[in-house]
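# Structural features, examined
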Amino acid sequence: MKNLNPKQCEAVLATEGPVLILAGPGSGKTATLTARIAYLIQRGVGPENILAVTFTNKAAEEMRTRVSALISNSQFSISNTTIFMGTFHSLAARVLRAHTAKIGYLPNFTIFDEDDALALTKEVMKELEINPKQFPAGMILNTISGLKNELVTPEKYEEGSGLAELFPKTIHKTYLLYQKRLRDSNAMDFDDLLMNVCFLFEEHPKILEAHQDRFRYIHVDEYQDVNTAQYIFTRALAQKYRNIAVVGDDAQAIYGWRGADFRNILNFERDWPDAKIVILDQNYRSTQTILDAAREIISKNRTQKEKNLWTERGSGEPLEVAALENERAEAEFVLTKTQELLHQKHPLKDMVVLYR
């Protein structure tokens, strides 16, 4: 922990019980998480009892590499056979493949990616004679995905919404046939993985308890981006031993369009009243001027956790805002600024242009 600041060390050492780590941007959350995992192993916790869940394979691989480097002199090997570091979907798939008989699938079930799922949706709509101009396949699939993220089956959807109107009637019959076609093919889409593992744990408490005993120390990265299914999945795993550490920042929640609910991070203390709160507020990436500007914008959020980001990098240059008449003037402005920076001996690789 010699390279960590006091707040990061506090998060690493708080290994027992629920912990909410509020990590501002550029505050070293990955370094904190990996140090925490290495510290648990150093304390004698079996690597197989540690779980680290992320949103991307790339993030999981980075975490695995960092932990391996931290404990390179240890006798423990870091691989998915000992410590699990991966995505929600890969963890759910692993659990489901071990218990497929309980959910009516064969162990070698296929996982449909987004292209496969869209192609199947189009086939189902064609069979049901649904007009794709009136109800685009992407919109139908996105609606079904949203229902699965909320653990709403076709049957629950029928009970909750009624099918008098054309739209819910169309969604319901498409969802029903879509699920039947998946099951006939011994297949699940990405959303099924999470929905089915939640149902498996709910219906088979002994299977849940076996996984609770396996994963006694749980870590969740980017907690502000979890959806309802991921939230219930994680909470169920943590209920027995209550050693759950989540890292996130409600001000960085950008995935509401795919079912994420930033209120999960705001409600963490409701679920775990004895939770320890650690705020990582030292920024290693930006100047204080940038942090102050960001805080001024974020302060307008109606619901938020208070953070005051600071840095040792100094105030830096002032922010510059240019109001320009049209997109051509914007392009010329960017070109002019680029040329000025080149004349000041700044290489192109140090520049970035963001546009929308």
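Read on for a plain summary of the structure. In this text, all values refer to a predicted model and were calculated from it rather than measured experimentally.

## Brief notes about the overall build of the protein
Broken down by element type, the protein carries 16 helices and eight strands. Looking at the 356 residues of the protein, the share that counts as buried comes to 45%. For the protein, contacts bridging at least 24 residues in sequence account for 76% of all contacts bridging at least 6. If you sum the accessible surface of the protein, you get close to 19700 Å²; carbon and sulfur atoms cover 53% of it. Once the 43 positive and 47 negative side-chain charges of the protein are each reduced to a mean point, those two points are 4 Å apart.

## Observations concerning a nonpolar patch on the surface
Judged by side-chain polarity, Val334, Val353 and Tyr355 come together as a nonpolar surface patch covering roughly 340 Å² of accessible area. By the element assignment, Tyr355 lies in the segment after helix H16 (327-343). Here Tyr355 falls in the exposed class, since its relative accessible area comes to 76%.

## Re the packing of aromatic side chains
Under the criterion given, the structure shown has six aromatic pairs. Ring geometry for Phe201 against Phe233: centres 5.8 Å apart, planes inclined by 40 degrees, an arrangement best described as tilted. You can see Phe201 sitting in helix H10 (residues 190-203) and its partner Phe233 sitting in helix H12 (residues 228-238), a full 32 residues away along the chain. Here Phe268 and Trp272 contribute two aromatic rings whose centre-to-centre distance is 6.4 Å and whose plane-to-plane angle is 40 degrees, an arrangement assigned as tilted. What makes Phe268 buried here is its relative accessible area of 0%. A network of ring pairs unites the aromatic residues Tyr223, Phe268 and Trp272 as a single cluster.

## Quick look at empty space enclosed by the protein
Gaps left between atoms are located by rolling a probe of water-molecule size over the structure's atoms. Across all of its chains, the model carries one cavity of 30 Å³ or more by this definition. Taken as a whole, the largest cavity encloses approximately 30 Å³ of empty space. Every residue along the wall of the largest cavity is listed here: Ala23, Lys29, Glu222, Gln224, Gly248, Asp249 and Gln252. By residue class, the composition of the lining of the largest cavity is one nonpolar, three polar and three charged.

## Overview of the pattern of salt bridges
Here the structure, examined in full by the defined rule, presents 23 salt bridges. One salt bridge in this structure joins Asp221 and Lys29, with 3.0 Å as the shortest N-O distance. Of the two residues, Asp221 sits in the loop between strand S6 (217-220) and H12 while Lys29 sits in helix H2 (residues 29-42), which places them 192 residues apart along the sequence. Across this residue pair, the class does not change: Asp221 and Lys29 are buried. The partner of Lys180 in a salt bridge is Asp184, and the shortest N-O contact between them spans 3.0 Å. Of the two residues, Lys180 and Asp184 both sit in helix H9 (residues 166-184), four residues apart, roughly one turn of that helix. Among the ionic contacts, a cluster of salt bridges with common partners joins Glu127, Lys180, Arg181 and Asp184.

Definitions and limits used
Residues numbered from 1 in each chain as written. Predicted model: local features only at pLDDT ≥ 70, side-chain atom pairs only at ≥ 80, totals over all residues. Heavy atoms only, no water. Helix = DSSP H or I, 4+ residues; strand = E, 2+ residues; numbered from the N terminus. Buried < 20%, exposed > 50% of the residue type's maximum accessible area, 1.4 Å probe, protein only. Contact = heavy atoms within 4.5 Å. Areas by Shrake-Rupley, 256 points an atom, 1.4 Å probe, with all protein chains shown as cover. Lys, Arg positive; Asp, Glu negative; His and termini not counted. Charge placed at Lys NZ, Arg CZ, Asp CG, Glu CD. Patch = residues over 30% accessible without salt bridge, like charges linked within 9 Å, V, L, I, M, F, W, Y side chains within 5 Å. Salt bridge = Lys/Arg side-chain N within 4 Å of Asp/Glu carboxyl O. Phe/Tyr/Trp six-rings, centres within 6.5 Å; stacked < 30°, edge-to-face > 60°. 1 Å grid on protein atoms, 1.4 Å probe; cavity = no way out; pocket = protein on both sides within 12 Å on 5 of 7 lines; lining within 4 Å. Points joined across faces, edges and corners; volume = space filled by probe spheres on them. Nonpolar A, V, L, I, M, F, W, Y, C, P; charged D, E, K, R; others polar.

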